[in-house]
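# Reading the structure
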Amino acid sequence: MTDLSSFPITKKWPALHPDRLQLYSLPTPNGVKVSIMLEETGLPYEPHLVSFETHDQMSPEFLSLNPNNKIPAILDPDGPGGKPLALFESGAILLYLADKTGQLIPKDVASRYETIQWLMFQMGGIGPMFGQLGFFNKFAGKDYEDKRPRDRYVAESKRLLGVLDKRLEGRNWVMGDSYTIADIAIFPWVRNLVGFYEAGELVGFGDFANVARTLAAFVARPAVVRGLGIPKRG
Ligand SMILES: N[C@@H](CCC(=O)N[C@@H](CS)C(=O)NCC(=O)O)C(=O)O
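Residues numbered from 1 in each chain as written. Predicted model: local features only at pLDDT ≥ 70, side-chain atom pairs only at ≥ 80, totals over all residues. Heavy atoms only, no water.

Moving on, we come to the site of the ligand. As a structural note, the neighbourhood of the ligand is formed by T28, N30, F52, Q57, N69, K70, I71, P72, E89, S90 and M123. A distance of 3.5 Å is found between an oxygen atom of the ligand and a side-chain nitrogen or oxygen belonging to N69. Relative to its unbound accessible area of 510 Å², the ligand is 77% covered by the protein chains. Split into classes, the residues belonging to the shell around the ligand amount to four nonpolar, five polar and two charged. (Near = heavy atom within 4 Å. Polar contact = N/O pair within 3.5 Å; in protein donor to acceptor, adjacent residues only side chain to side chain. Areas by Shrake-Rupley, 256 points an atom, 1.4 Å probe, with all protein chains shown as cover. Nonpolar A, V, L, I, M, F, W, Y, C, P; charged D, E, K, R; others polar.)

In structure tokens form, the structure reads like this:
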């Protein structure tokens, strides 16, 4: 039986199944990337809810695994060399899980890097820009009289959607016929932009038919439907 007791995070979130990969998360656009990936691959895992309401991400136990106080994070009891591996940053986790399972990333080296390129496009572009737009459109920033910050993120989000739309022209998924970790990274954010952030009209989402078509295919996947609700909110 694997012993994870030397990881302080297991004091706050005990591992009932220490042989399974431990997921510390919340169903936000970054969090669901990992639960969707785990559902798609079929890897056994144990989800733990990190509640922002009780500032769990700031607890010493969580910070011992991710000093950057953000979900998602994982602890794999069966990491490289059979030793436990702790990991944070959703992009790094997606890549790790793709390599571990041999799924959802092309084997051909050039296609592999092309997939990583689009993964980074999400991590460095779509995530931060859509996130700021959410702040200025839906949350505290919506009351600011000066609309220039909001408009800056609207313009940048539109530009990014345009790049994505062009990429999806004549392709089912970002990498063509293969559904990959690039899609798993990107589409939870697109869904959130037009859903929870209520910014669809603001960014002229109707102009991006390829993105809308791919988003519909993404949310129809059974593993995506399941992953969007994991970990279950208390
Ligand atoms: N670059 C990080 C971003 C993670 C992130 O921003 N997580 C948010 C939720 S979507 C979070 O944990 N926020 C809590 C906080 O900032 O205290 C990743 O992709 O894993």
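Moving on, we get to the packing of helix α2 (residues 29-41) against helix α7 (residues 181-194). Here α2 crosses α7 at 135 degrees, and the two axes come no closer than 9 Å. In this view, α2 runs oblique relative to α7, as classed from their interaxial angle. Along this stretch, α2 crosses α7, giving a crossing that reads as right-handed. Contacts between α2 and α7 pair P29, N30, V32, K33, I36, M37 and E40 from the former with I181, I184, A185, P188, W189 and N192 from the latter. Across the contact of α2 with α7, the residue classes tally to nine nonpolar, two polar and two charged. (Axes fitted to C-alpha atoms, helices over the stretch in contact; angles between N-to-C directions. Helix = DSSP H or I, 4+ residues; strand = E, 2+ residues; numbered from the N terminus. Parallel < 35°, antiparallel > 145°, perpendicular 65-115°, else oblique. Left-handed = near helix turned anticlockwise from the far one by under 90°. Contact = heavy atoms within 4.5 Å.)

Time to look at the sheet that holds strand β4 (residues 85-88). A sheet is described by the order of its strands in space; here four strands give the open sequence β2-β1-β3-β4, paired in mixed fashion. Two strands close off the open sheet at either side, each with one partner strand: β2 (45-49) and β4. The sheet shows a mean angle of 15 degrees between the axes of neighbouring strands, direction not considered. Pairing of strand β3 (residues 73-76) with β4 involves four bridges; the strand directions are antiparallel. Bridging across to β4, I74 finds its partner in L87. Helix-sheet contacts for α2 involve β1 (21-25), β2 and β3, and the interaxial angle to β1 is about 150 degrees. Together, β1, β3 and β4 form the strand contacts of helix α4 (residues 90-101), whose direction differs from that of β4 by roughly 135 degrees. (Pairing = 2+ DSSP bridges.)

Attention now goes to the nonpolar core. Grouped together as the largest cluster of nonpolar side chains are 58 residues, with contacts concentrated most on L97, L164, I181, F187, V190 and V211. Those elements giving two or more residues to this core turn out to be β1, α2, α4, α5 (109-137), α6 (148-168), α7 and α8 (209-219). Each of domain 1 (9-103) and domain 2 (109-221) accounts for three or more of the residues forming this core. What F187 contacts, discounting residues up to four positions off in sequence, is L164, L168, V174, V211, T214, L215 and F218. In this structure, W13, Y24, V50 and A73 belong to the second largest nonpolar core, which totals eleven residues. (Core = buried A, V, L, I, M, F, W, Y, C linked by side-chain atoms within 4.5 Å. Buried < 20%, exposed > 50% of the residue type's maximum accessible area, 1.4 Å probe, protein only. Domains from an automatic or database assignment.)

A separate point is α4. In a regular helix each residue adds 1.5 Å, so twelve residues correspond to 16 Å; α4 covers 16 Å between its end C-alpha atoms and thus fits that length. Among all positions in α4, only S90, G91, I93, L94, L95, Y96, L97 and A98 are buried. In the core, the buried residues of α4 are packed alongside β1, α2, β3, β4, α5 and α7. (Expected span 1.5 Å × (residues − 1).)

Turning next to the domain arrangement of the protein chain. Parsing the protein chain into structural domains produces domain 1 (9-103) and domain 2 (109-221). Domain 1 and domain 2 are separated by 24 Å when their C-alpha centres are compared. Tallying the contact residues gives 14 residues for domain 1 and 14 residues for domain 2. Across the domain 1/domain 2 interface, buried area totals approximately 1,200 Å², and carbon plus sulfur atoms make up 71% of it. It is P29, K33 and L95 that lose the most area in domain 1 upon contact with domain 2, and together they represent 41% of the buried surface on that side. For the pair domain 1 and domain 2, the number of links is two salt bridges. For the side of domain 1 that touches domain 2, the secondary structure elements donating two or more residues are α2 and α4. Looking at which element gives the most residues to the side of domain 1 that touches domain 2, the answer is α2, with seven residues. (Buried area = accessible area lost by both parts, 1.4 Å probe. Salt bridge = Lys/Arg side-chain N within 4 Å of Asp/Glu carboxyl O.)

This part is about the pattern of salt bridges. A full pass over the atoms with the stated rule returns twelve salt bridges. Via salt bridges that share partners, D76, D78 and K100 belong to a single interconnected network.

With respect to the helices and strands, the residue S157 is situated in helix α6. Look past the residues within four positions of S157 in its chain and what remains in contact with it is M129, F130, L133 and V203.

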